[in-house]
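# A closer look at the structure
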Amino acid sequence: MFWQQLVNGLTVGSTYSLIALGYTLIFGVLGIINMAHGQIFIFGSLVGLVLMTSMQMPLGVALIASIVISALLGLLLEYAALRPLRKKNVPHLASLISTIGFATLVEEAMHKFFGADSRAFPQSFGDKAFDLGILQIRSVDLVILGISLVLMFVLHFWIQKTKMGKAIRATAENTDTANILGINTNMVIIVTVMLASALGGVAGILIGMAYSALIPTMGMTLGFKGLAVLILGGVGSIPGAMVCGVLLGIIEVFTVAYGDSSYRDAVAFGLIIVILLLKPEGLFGRKA
């Protein structure tokens, strides 16, 4: 029972990590919380799900469609809601409110195109399970874990070692200095927002696989989970987002298994209160 719940927690937590990475990237570069993140990647995921259910497209095509649609919505967010305010040098609160407005528009669009009811996710990999003695692990769990872990480590390597990754880090450190050094910060911001949204698109499809359904309104709940991970790990910390996303997933699953399922969504915010009291900068954050 323990090991089975641990695997379930790792599966769910890995998707939380991908969501939190999107928040972390945008906050690191722009210094704002993107409140439209959840709605953006759920919209992209629903497009992928419709392709699978209505047009009989394979999972790979649905995943690519979710990534592309989510990234394009991120690009629209940048041009419509973020860049105009950034040019006017307004307070960050204005950008935060702007992303909330964009989130509302995207959610209304989801209701228009997909309705308000949940949409079942096809069992692409069947219910095949591998018996490892102390636990049984579904093939779909292996796929979710595999995709999540590969993406997290590829992102970490890309940020640390590539030219664009270094440009993102330089822009996050100081935008004015990055401009002086010849870095096209506008392009860096576009790449960052699109990459963050694309990671969310992957997470949305994986969540649909884990829960066998997607609901248009679940973007807000999942977005709050990502924010919780952002605070737990330390605002702007990529390793913190990776580790604490998995940690939150494990704690949630054990809470449901050995406690009351009604407390599942409250776990994240309970952890936030504890962390803010004991270590306000987050588990992996640095003191200002």
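These numbers were taken from a predicted model, which means no experiment stands behind them.

### Thoughts on the overall build of the protein chain
- Secondary structure assignment for the protein chain yields eleven helices and four strands.
- Against the 2.2 N^0.38 benchmark of 19 Å for 288 residues, the protein chain shows a C-alpha radius of gyration of 19 Å, consistent with a compact globule.
- Dimensions of the protein chain, computed from C-alpha atoms along their principal axes, come out at roughly 60 × 45 × 35 Å.
- When each of the 288 residues of the protein chain is scored for burial, the buried share is 48%.
- Within the protein chain, contacts between residues at least 6 apart in sequence are counted, and of these 77% link residues at least 24 apart.
- For the protein chain, the exposed area adds up to about 13500 Å²; of that, 68% sits on carbon and sulfur atoms.
- Taking the 17 positively charged and 13 negatively charged side chains of the protein chain as two groups, their mean positions are separated by 12 Å.

### Some details on helix α5 (residues 139-161)
- The terminal C-alpha atoms of α5 lie 33 Å apart, and with 23 residues this matches the ideal 33 Å at 1.5 Å per residue to within 8%.
- Restricting attention to buried positions, one finds in α5 the residues S139, V140, D141, I144, L145, S148, M152, L155 and I159.
- As for α5, its buried residues are in contact with α1 (2-30), β2 (129-131), β3 (136-138), α6 (163-173), α8 (185-211) and α10 (238-258).

### A closer look at the packing of aromatic side chains
- The final tally for this structure, using the stated rule, is five aromatic pairs.
- Plain terms: the ring middles of F43 and F114 are 5.5 Å apart, the flat faces sit at 75° to each other, and that makes the pair edge-to-face. Taken as a pair, F43 in helix α2 (residues 37-54) and F114 in helix α4 (residues 92-114) lie far apart in primary sequence, 71 residues in all. Of the two residues, F43 and F114, neither departs from the other in class, the shared state being buried.

### As for unusual backbone geometry
- In this structure, Q56 is a non-glycine residue whose phi angle is positive, near 55°.
- Since its relative accessible area comes to 62%, Q56 is described here as exposed.
- Despite not being glycine, S212 shows a phi value in the positive range, around 65°.
- Relative to the elements of secondary structure, S212 occurs in the loop between α8 and β4 (213-214).
- For S212, a relative accessible area of 24% translates into the label partly exposed.

### Quick word on the packing of α2 against helix α9 (residues 218-233)
- At their nearest, the axes of α2 and α9 sit 7 Å apart, and the two run at 125° to each other. Overall, the two elements α2 and α9 adopt an arrangement that is oblique. Crossing of α2 over α9 shows right-handed handedness. Contacts between α2 and α9 involve G38, Q39, F41 and I42 on the former and, on the latter, M218, G219, M220 and L222.
- A breakdown of the residues in the contact of α2 with α9 according to their chemical character gives five nonpolar, three polar and no charged.

### Focus: the pattern of salt bridges
- Applying the stated criterion across every chain, the model contains five salt bridges.
- The salt bridge partner of E281 is K279, with a shortest N-O separation of 3.2 Å.
- Given a relative accessible area of 29%, K279 falls into the partly exposed group.
- In the salt-bridge network here, residues are joined through shared partners; they are E78, R83 and R86.

### Regarding the nonpolar core
- Ranked by internal contacts, the top residues of the largest apolar core, which has 70 residues, are L18, L21, L30, I42, M209 and L222.
- For this core, the leading source of residues is α8, giving twelve residues.

### Side note on the packing of α1 against α2
- Packing of α1 against α2 leaves a shortest axis separation of 11 Å and a crossing angle of 130°. It follows that α1 is oblique to α2 by the angle criterion. Of the two possible hands of crossing, α1 and α2 adopt the one that is right-handed. Residue-level inspection shows I19, G22 and Y23 of α1 in contact with α2, the latter providing H37, G38 and F41.

### Quick notes on a nonpolar patch on the surface
- A cluster of nonpolar side chains, F2, W3, I134 and Y258, forms an exposed patch at the surface whose accessible area comes to about 470 Å².
- Structurally, W3 is set in helix α1.
- Classification of W3 as partly exposed rests on a relative accessible area of 42%.

### Thoughts on the UniProt feature "transmembrane region" (unreviewed entry) in the protein chain
- Feature annotation in UniProt assigns "transmembrane region" (unreviewed entry) to the following positions: residues 12-33, 63-82, 142-159, 187-215, 227-250 and 262-278.
- Measuring from the first to the last C-alpha atom of residues 12-33 gives 23 Å, for a span that is 86% helix and 0% strand.
- Across residues 262-278, the secondary structure splits into 88% helix and 0% strand, with the terminal C-alpha atoms separated by 26 Å.

Calculation rules
- Residues numbered from 1 in each chain as written.
- Predicted model: local features only at pLDDT ≥ 70, side-chain atom pairs only at ≥ 80, totals over all residues.
- Heavy atoms only, no water.
- Helix = DSSP H or I, 4+ residues; strand = E, 2+ residues; numbered from the N terminus.
- Rg over C-alpha atoms; globule rule 2.2 N^0.38 Å.
- Buried < 20%, exposed > 50% of the residue type's maximum accessible area, 1.4 Å probe, protein only.
- Contact = heavy atoms within 4.5 Å.
- Areas by Shrake-Rupley, 256 points an atom, 1.4 Å probe, with all protein chains shown as cover.
- Lys, Arg positive; Asp, Glu negative; His and termini not counted.
- Charge placed at Lys NZ, Arg CZ, Asp CG, Glu CD.
- Expected span 1.5 Å × (residues − 1).
- Phe/Tyr/Trp six-rings, centres within 6.5 Å; stacked < 30°, edge-to-face > 60°.
- Axes fitted to C-alpha atoms, helices over the stretch in contact; angles between N-to-C directions.
- Parallel < 35°, antiparallel > 145°, perpendicular 65-115°, else oblique.
- Left-handed = near helix turned anticlockwise from the far one by under 90°.
- Nonpolar A, V, L, I, M, F, W, Y, C, P; charged D, E, K, R; others polar.
- Salt bridge = Lys/Arg side-chain N within 4 Å of Asp/Glu carboxyl O.
- Core = buried A, V, L, I, M, F, W, Y, C linked by side-chain atoms within 4.5 Å.
- Patch = residues over 30% accessible without salt bridge, like charges linked within 9 Å, V, L, I, M, F, W, Y side chains within 5 Å.
- UniProt positions renumbered as here; feature names shortened; annotations may be inferred.

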